[in-house]
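As a plain string of letters, each chain reads:
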Amino acid sequence: MTRIAVLASGRGSNLQAIIDSIENGYLKAKICVVVSDIGDAYALERARKHGINSFHVDPKGFGSKDLYEEEILRILKNNNVQLILLAGYMKILGKTLLTAYKNRILNIHPALLPAFPGLHAQEQAFRYGVKVAGCTVHFVDEELDCGPIILQKCVEVKEDDTDQTLAERILEQEHKIYPEAVKLFVENKLRLEGRKVKIIK
Ligand code: GRF
């Protein structure tokens, strides 16, 4: 069974979606550890509620990003982690984690990449006036929100939407496609071909 670490900085609803998918048998994998850079992130609480090891690693306690990530890496290695999921993790990954887990780190982004990378993607899309918004699960590489795309889901923008209502409907789809993408990964159905991800049926 694939051993997963989830890195999260906030409320952890995507973490919850992965936990639920494992508990209901959809996903054959194990979350062995949840790590957060934020001490009171609700994601840590969710992990505890489900008996998952959780760690707060405070970046301020380290002299550099490398040292901070080396501490995370130590935790991941201790737990024999094979796959890292970023789920609302608000720090840009550095070379320590990217090198150690090359092509084994996934992220969920609340926009149809490559449109609207970075922060507040749903609001960016809404303000831009798009008619179709959505979310993306992708491999993580050196560039922010830029790695090869695994799955995307569209969400139509309604006439009476606000950025909030739109973000809520996007989030519902995030909770579906993240477990789906993780399932494809753990079942070894993803093949990276340059920028493209082939899904093997
Ligand atoms: C989600 O919208 C995700 O796409 C983005 O950050 C948000 C995290 O939400 N990367 P949650 O903490 O999983 O509820």
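Keep in mind it's a predicted model, so treat the numbers as computed, not measured.

Draft legend 1. Broad picture of the site of the ligand. Surveying the vicinity of the ligand reveals the residues R11, G12, S13, N14, G88, I108, H109, P110, Q122 and E174. Note that an oxygen atom of the ligand is positioned 2.5 Å from one of the side-chain N or O atoms of S13. One of the backbone nitrogen or oxygen atoms of I108 is found 2.9 Å away from a nitrogen atom of the ligand. Notes on the ligand: free accessible area 360 Å², of which the protein chains cover 87%. Looking at the shell around the ligand, the elements with two or more residues in it are α1 (13–23) and β5 (105–109). The residue makeup of the shell around the ligand, split by class, is two nonpolar, six polar and two charged. Looking at which domains feed residues into the shell around the ligand, each of domain 1 (1–102) and domain 2 (108–138 + 145–201) supplies at least three.

Draft legend 2. Seen up close, the UniProt feature "domain: Formyl transferase N-terminal" (unreviewed entry) in the chain. With numbering aligned to this structure, UniProt lists the feature "domain: Formyl transferase N-terminal" (unreviewed entry) at residues 3–182. Helix makes up 37% of residues 3–182 and strand makes up 23%, while its end C-alpha atoms are separated by 11 Å.

Draft legend 3. Fine view of the sheet that holds strand β7 (residues 149–156). One open sheet holds the seven strands; their spatial order is β3-β2-β1-β4-β5-β6-β7, and the pairing between them is mixed. Only two strands of the sheet have a single neighbouring strand rather than two, namely β3 (53–56) and β7. Looking at each pair of strands side by side, their axes are set apart by 20° on average, direction ignored. Sheet contacts for helix α6 (residues 163–186): β1 (2–7), β2 (29–36), β4 (83–86), β5, β6 (132–139) and β7; angle to β7, the most-contacted strand, approximately 155°.

Draft legend 4. Representation of the pattern of salt bridges. According to the stated counting rule, one finds eight salt bridges in the structure shown. Here D66 and K95 are joined by a salt bridge, their closest N and O atoms 3.0 Å apart. Here D66 is found in helix α3 (residues 65–78), whereas its partner K95 is found in helix α4 (residues 95–100), with 29 residues between them in sequence. D66 sits in the partly exposed class, given a relative accessible area of 28%. The partner of R74 in a salt bridge is E71, with the nearest N and O atoms 2.8 Å apart. A residue pair is termed a helical-turn pair when its members lie 3 or 4 positions apart in one helix, as R74 and E71 do in helix α3 at three residues. Note on R74: relative accessible area 43%, which makes it partly exposed. Put simply, K183, E187 and K189 are held in one network by salt bridges that share partners.

Draft legend 5. Fine view of the domain arrangement of the chain. If you check the domain split of the chain, you get domain 1 (1–102) and domain 2 (108–138 + 145–201). Once you take the C-alpha centre of each, domain 1 and domain 2 turn out to be 20 Å apart. Of the roughly 1,200 Å² buried between domain 1 and domain 2, counting both surfaces, carbon and sulfur atoms make up 68%. In this assembly, domain 1 and domain 2 are joined by zero salt bridges. One can count four residue pairs in polar contact (both at pLDDT 80 or more) joining domain 1 with domain 2.

Definitions and limits used
Residue numbering note: each chain is counted from 1, following its sequence as written. This being a predicted model, a pLDDT of at least 70 is required before a residue's local features are given, and a value of 80 or more before pairs of side-chain atoms are given or counted; all residues contribute to the totals for chains, interfaces and linings. Hydrogens and water are ignored here; the side-chain numbers use all heavy atoms of the structure. Residue proximity to a molecule or strand is established when one non-hydrogen atom of the residue lies within 4 Å of it. Residues adjacent in sequence count toward polar contacts only when both atoms are side-chain atoms; beyond that, a polar contact is any pair of N or O atoms within 3.5 Å, and within protein one must be able to donate a hydrogen and the other to accept it. Computed with the Shrake-Rupley method and a 1.4 Å probe, the accessible areas treat only the protein chains shown as cover for residues. Per the convention used, a helix needs a DSSP run of H or I reaching at least four residues, while a strand needs a run of E reaching at least two, with both numbered from the N terminus. Residue polarity is assigned by list, with Asp, Glu, Lys and Arg as charged and Ala, Val, Leu, Ile, Met, Phe, Trp, Tyr, Cys and Pro as nonpolar; anything else, Gly included, falls into the polar class. Per the annotation, domain bounds derive from an automatic or database assignment of domains. UniProt positions are given in the numbering used here, feature names are shortened, and annotations may be inferred rather than shown by experiment. Note on pairing: two strands pair once DSSP finds at least 2 bridges between them. For helices, the fitted axis covers only the stretch in contact; all axes are lines through C-alpha atoms, and the angles between them, taken along N-to-C directions, range from 0 to 180 degrees. Contacts are assigned to residue pairs with any non-hydrogen atoms lying within 4.5 Å of each other. Any Lys or Arg side-chain nitrogen found within 4 Å of a carboxyl oxygen on Asp or Glu counts as a salt bridge. Note on classification: 1.4 Å probe, protein chains only; a residue is buried when its accessible area is under 20% of the maximum for its type, exposed when over 50%, partly exposed between these limits. Values labelled buried area give the accessible surface lost by two parts on being combined, using a 1.4 Å probe and summing over both.

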